[in-house]
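Spelled out from the first residue to the last, the chains are:
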Amino acid sequence: MMETKSVGIIGIGTYVPEKVMTNKDLERIVDTSDEWIVERTGIQERRIAAPDMATSDLASRAAQKALDDAGVTAEEIDLIIVATATPDMFFPSTACLVQANIKAVNAAAFDLAAGCSGFVYAMVTGSQFIKAGLYKKILVIGAECLSRILDWTDRNTCVLFGDGAGAAVLAETDPGYGILGSQLGADGSGGDLLKLPGGGSRNPATGETVSLRMHFVHMNGNEVFKFAVKIMGEAANKALEDAGLSAADVDCLIPHQANIRIIQSAAKRLKLPMDKVMINVNKYGNTSAASIPIALEEAVHGGKIKQGDNVVLVGFGAGLTWASAVIKWGKEANINC
Ligand code: UT7
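Source: prediction; values computed, not measured. (Residues numbered from 1 in each chain as written. Predicted model: local features only at pLDDT ≥ 70, side-chain atom pairs only at ≥ 80, totals over all residues. Heavy atoms only, no water.)

A. Region of the structure containing the site of the ligand. In the vicinity of the ligand, 22 residues are found, and the nearest of them are T32, R40, N222, N259 and N286. At 3.0 Å, a backbone N or O of G221 approaches a nitrogen atom of the ligand. Among the detected pockets, the ligand sits in the second largest pocket. Contributions of two or more residues to the shell around the ligand are made by α2 (34-41), α6 (155-158) and α8 (221-243). (Near = heavy atom within 4 Å. Polar contact = N/O pair within 3.5 Å; in protein donor to acceptor, adjacent residues only side chain to side chain. 1 Å grid on protein atoms, 1.4 Å probe; cavity = no way out; pocket = protein on both sides within 12 Å on 5 of 7 lines; lining within 4 Å. Sits in = over half its atoms within 2 Å of the grid points. Helix = DSSP H or I, 4+ residues; strand = E, 2+ residues; numbered from the N terminus.)

Rendered as structure tokens:
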């Protein structure tokens, strides 16, 4: 049987906007309190993109940092996949805008829509092109300007989200390193639980869709919470099984940063102590497709992840979708992280 290539992350970078919005700032906008938000979600503050910045701007900055970290030039990139729920516009794709910004003139480019699971979906998708021998170096990016699609009069949603971007360069790694296992999943019957109903071909933009606030995030928080608590542990275990490992082998868990209570319950289900779990939801809120790469970068560059560690990424989101992956971190010749 032909030996399959090992594919891993050889560089990672992030960008978050400078503007910080605290829970106290939100108290001035909607009927909420710092106490409620911290207790129910763990979020203390989030970043908000400057008015002249869109998702492709955040994505391009993160991408450039990932290229620098990997020691790879933009011309070497064969493919760019941008996972986002907040593209600059319907078309062209945000990936094409990034391609032009960073001058990745040899890269194919497309967007991928899988909600907050998007980065892991993009990483697993991208890795297949390298395994198949079609491409050598791929940029996968999770980037969001969620502040643009939030209803700032709806306290149920506007306190939860933030803006940001995270990018990773994928390439072949030494055998035994890189992505060892994964699971991608979807349950479209839960699509109504988290959606942006206006502006698409179902409800094209009209004065009425605007007045009905259909161009904002609509979410059934309780139902999404229940789904998340169930799926996070299950999906992580499926990827571990695929890798031939178990939860006892995990050195670091990088969960989607939506809510501290969801993260704690996932850790509990996996019987992982919290010191093996990366948490930064307090600083950035839920940045959807950007949350996992932002947390991963912080864990890698902050020294929480070391060469040879088994790292599990797991996320859930709109779709409904879920995605998980196990990565054996690092590669002797290529260890930039
Ligand atoms: O990436 C995927 C994106 N989505 C998620 O991750 C969301 C998952 N869901 C959650 O994180 C939680 O369900 C929420 C944080 C959204 C809500 O927390 P909860 O503990 O499930 O609260 P709840 O929805 O049951 O609401 C409890 C109360 C309600 O008041 P009443 O009806 O009991 O009087 C809400 O109106 O809290 C109220 N409430 C708030 N109060 C102050 C809801 N939002 C706020 C708020 N400030 N921001």
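What follows continues from the structure just given.
B. Summary view of the packing of helix α3 (residues 55-70) against helix α4 (residues 94-102). As a packed pair, α3 and α4 sit with axes 9 Å apart at the nearest point and diverge in direction by 55°. The pairing of α3 with α4 is recorded here as oblique in orientation. As for how α3 packs across α4, the hand of that crossing is right-handed. Packed against α3, whose contacting residues are T55, S56, D57, A59, S60, A63, Q64 and L67, the element α4 presents T94, L97, V98, N101 and I102 at the interface. Partitioning the contact of α3 with α4 into residue classes produces six nonpolar, six polar and one charged. (Axes fitted to C-alpha atoms, helices over the stretch in contact; angles between N-to-C directions. Parallel < 35°, antiparallel > 145°, perpendicular 65-115°, else oblique. Left-handed = near helix turned anticlockwise from the far one by under 90°. Contact = heavy atoms within 4.5 Å. Nonpolar A, V, L, I, M, F, W, Y, C, P; charged D, E, K, R; others polar.)

C. Expanded view of the side chain of S127. Residue position: S127 is located in helix α5 (residues 118-131). Of note is the side chain of S127, whose polar atom sits 3.3 Å from the side chain of Q128. In this structure S127 touches V7, L170 and I179, once residues within four positions along its chain are discounted.

D. Structural context of the confidence of the model for the chain. Overall, the prediction assigns the chain a mean pLDDT of 96, with 97% of residues at 70 or greater. When mean pLDDT is compared element by element in the chain, strand β4 (residues 79-83) scores highest at 99, while helix α9 (residues 260-269) scores lowest at 96. (pLDDT = per-residue confidence, 0-100.)

E. Examining the sheet that holds strand β5 (residues 108-112) more closely. If you walk across this open sheet you meet the five strands as β1-β7-β6-β4-β5, and the pairing is mixed. Two strands close off the open sheet at either side, each with one partner strand: β1 (6-15) and β5. On average, each strand axis in the sheet is inclined to that of its neighbour by 20°, with strand direction left out of account. Running at roughly 125° to β1, α3 makes contact with β1, β6 (138-144) and β7 (164-173) of the sheet. Helix-sheet contacts for α4 involve β4, β5 and β6, and the interaxial angle to β4 is about 130°. (Pairing = 2+ DSSP bridges.)

F. The pattern of salt bridges, seen in detail. Tallied over the full model, the rule gives nine salt bridges. When the shortest N-O distance is used, the salt bridge between R155 and D31 registers 3.7 Å. Of this pair, R155 sits in helix α6 while D31 sits in the loop between α1 (23-27) and α2, placing them 124 residues apart in sequence. The exposure class assigned to R155 is partly exposed, which follows from its relative accessible area of 46%. Exposure remark for D31: the relative accessible area of 60% places this residue in the exposed category. Its salt-bridge partner being E298, residue K283 comes within 2.8 Å of it at the nearest N-O pair. Placement of K283 in helix α10 (residues 281-284) and of E298 in helix α11 (residues 291-301) is noted, with a sequence separation of 15 residues between them. Look at K283 and you get partly exposed, because its relative accessible area is 31%. Assessed through its relative accessible area of 22%, E298 is described here as partly exposed. (Salt bridge = Lys/Arg side-chain N within 4 Å of Asp/Glu carboxyl O. Buried < 20%, exposed > 50% of the residue type's maximum accessible area, 1.4 Å probe, protein only.)

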